[in-house]
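So you can see what is in the structure, the chains are spelled out below.
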Amino acid sequence: MFKRVLLNSYVMSRRSTRVIKPRIKEILSETLPSGLVDKLPKRWVQIGDVLILPLREELLPYKYEIAKVYAEVLEVKTVLRKGWILGEFREPHYEIIYGHDPITIHKENGILYKLDASRIMFSPANVKERVRMASIAKPNELVVDMFAGIGHLSLPIAKHCKAKVIAIEKSPYTFRFLVENIELNRVQDRMTAYNIDNREFKGENIADRILMGYVISTHEFIPKALEIAKDEAVIHYHNTVPERLMPKEPFATFQKTAREHGYEVELLEEHVIKRYAPGVWHVVLDLRVFKK
Ligand SMILES: C[S@@+](CC[C@H](N)C(=O)[O-])C[C@H]1O[C@@H](n2cnc3c(N)ncnc32)[C@H](O)[C@@H]1O
């Protein structure tokens, strides 16, 4: 029922890993004890010219030497050690293990995303969703992005669909990049940003389309989304859902809340975005909501 859009290709550098991995191994075999060479990361994420490297516990005593070799072979300016993404702002906690500048500009699908890769989430597994957004709206629509981040999902709408976008981002640090990205992508004439909690947003009955690109507690924001929605609107509702509750959830919860607020819901499409944790999936539902 859910369409799977898991991607692997993005995780690797574009250059052939057939050449890169043996080269990295060869150089590091001069420094590392022989048993550790096979435990070197085989996958990594590159955002602009910053590399995010997952390192196993036993490699940590050599983290700076390892990072230097990956940086030189892959030609990046900074290497981060992958850690956890935590809290309300979904902020990564990634340690800088090579270089000193985690701020980069990542180009994807004609969009420039400037961000601090050590403190702002930019998931390679969400690339299909970002690309999908680039053709989802019509130019006459008003789109409200309730969890804008740096404009992950709404920059493609403003840039490629030419729709009007209101982007709401609560974190002051992330908001700075959102504002910069609006300028970098030259969409100031149709994209407006607010540095507030979306629950404080005053617009009512205004949006043709709403983006709810958030996880874990997105259901708590359904009443606010319905307040912002026109009498008929489309909502892209993301959430994390345990596999044992799929495919009934997360639609059932959305529908129950919508009915309590006088809306009916039609399920248009559903997609799996990525595995979030063992037995838990990040999914997105495209929902048409309309007043009963
Ligand atoms: C996980 S990021 C996702 C960004 C983008 N929507 C996507 O799907 O790729 C969620 C963003 O929502 C912001 N956020 C969290 N709670 C918020 C709230 N109540 N109001 C506005 N922004 C919020 C966080 O700071 C973070 O930048």
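Values in this document were obtained by computation on a predicted structure and should not be read as measured data.

A.B. asks: Which residues make up the overall build of the protein chain, and what values go with them?
C.D. replies: Of regular secondary structure, the protein chain possesses eight helices and 14 strands. Over its C-alpha atoms, taken along the principal directions, the protein chain stretches across nearly 70 × 45 × 30 Å. Residue burial in the protein chain is summarised as follows: out of 292 residues, 53% are buried. In the protein chain, the proportion of contacts linking residues at least 24 apart, taken out of those at least 6 apart, comes to 65%. Summed over all atoms, the accessible surface of the protein chain reaches about 14,000 Å², with 52% contributed by carbon and sulfur. Across the protein chain, the mean location of the 46 positive side-chain charges is 4 Å away from that of the 38 negative side-chain charges.

A.B. asks: Tell me about the nonpolar core, and please be specific about residues and values.
C.D. replies: Generally speaking, a soluble globular protein has its nonpolar side chains buried in company with each other. Membership of the largest hydrophobic core comes to 33 residues, with the highest contact counts inside it found for Val 143, Ile 150, Leu 155, Ile 157, Val 165, Leu 178 and Met 191. Elements supplying a minimum of two residues to this core: strand E2 (45-47), strand E3 (50-53), strand E7 (111-116), helix H5 (154-161), strand E9 (164-168) and helix H6 (172-184). Per element, the largest residue contribution to this core is five residues, and it comes from H6. Counting contributing residues, this core receives three or more from each of domain 1 (7-101) and domain 2 (124-291). Ignoring any residue separated from it by four or fewer positions in sequence, one finds Ile 157 in contact with Met 133, Ile 136, Ala 137, Val 143, Lys 162, Ala 163, Val 165 and Leu 211.

A.B. asks: Describe H5, with residues and values.
C.D. replies: Judged by how many residues are buried, H5 sits mostly within the fold: six of eight residues are covered. Inspection of H5 places Ser 154, Leu 155, Pro 156, Ile 157, Ala 158 and Cys 161 among the buried residues, and these make up the whole buried set. Taken from the residues just after H5, Lys 162 is the one with a positive phi, measuring 65°.

A.B. asks: I'd love a proper account of the environment of Ala 71, names of residues and values included.
C.D. replies: Among the structural elements, Ala 71 can be located in helix H3 (residues 63-74). Given the relative accessible area of 2%, Ala 71 is considered buried. Separated by 212 residues in the primary sequence, Ala 71 and Val 283 place their C-alpha atoms 34 Å from one another. Setting aside anything within four residues of it in sequence, one finds Ala 71 in contact with Val 76, Val 79 and Tyr 98.

A.B. asks: Explain the UniProt feature "binding site: S-adenosyl-L-methionine" (unreviewed entry) in the protein chain residue by residue, including any values.
C.D. replies: What UniProt calls "binding site: S-adenosyl-L-methionine" (unreviewed entry) maps, in this numbering, to Ser 123, Arg 130, Glu 169, Asp 197 and Asn 198. What stands out for the annotated residues spanning 76 residues is how far apart their C-alpha atoms range, the widest pair being 22.5 Å apart. Note that Asp 197 resides in the loop between strand E10 (191-194) and strand E11 (207-212). Looking at Asp 197, the relative accessible area reads 13%, which means it is buried. Asp 197 has contacts with Glu 88, Ile 168 and Lys 170, leaving out every residue within four places of it along the chain.

About the thresholds
Residues numbered from 1 in each chain as written. Predicted model: local features only at pLDDT ≥ 70, side-chain atom pairs only at ≥ 80, totals over all residues. Heavy atoms only, no water. Helix = DSSP H or I, 4+ residues; strand = E, 2+ residues; numbered from the N terminus. Buried < 20%, exposed > 50% of the residue type's maximum accessible area, 1.4 Å probe, protein only. Contact = heavy atoms within 4.5 Å. Areas by Shrake-Rupley, 256 points an atom, 1.4 Å probe, with all protein chains shown as cover. Lys, Arg positive; Asp, Glu negative; His and termini not counted. Charge placed at Lys NZ, Arg CZ, Asp CG, Glu CD. Core = buried A, V, L, I, M, F, W, Y, C linked by side-chain atoms within 4.5 Å. Domains from an automatic or database assignment. UniProt positions renumbered as here; feature names shortened; annotations may be inferred.

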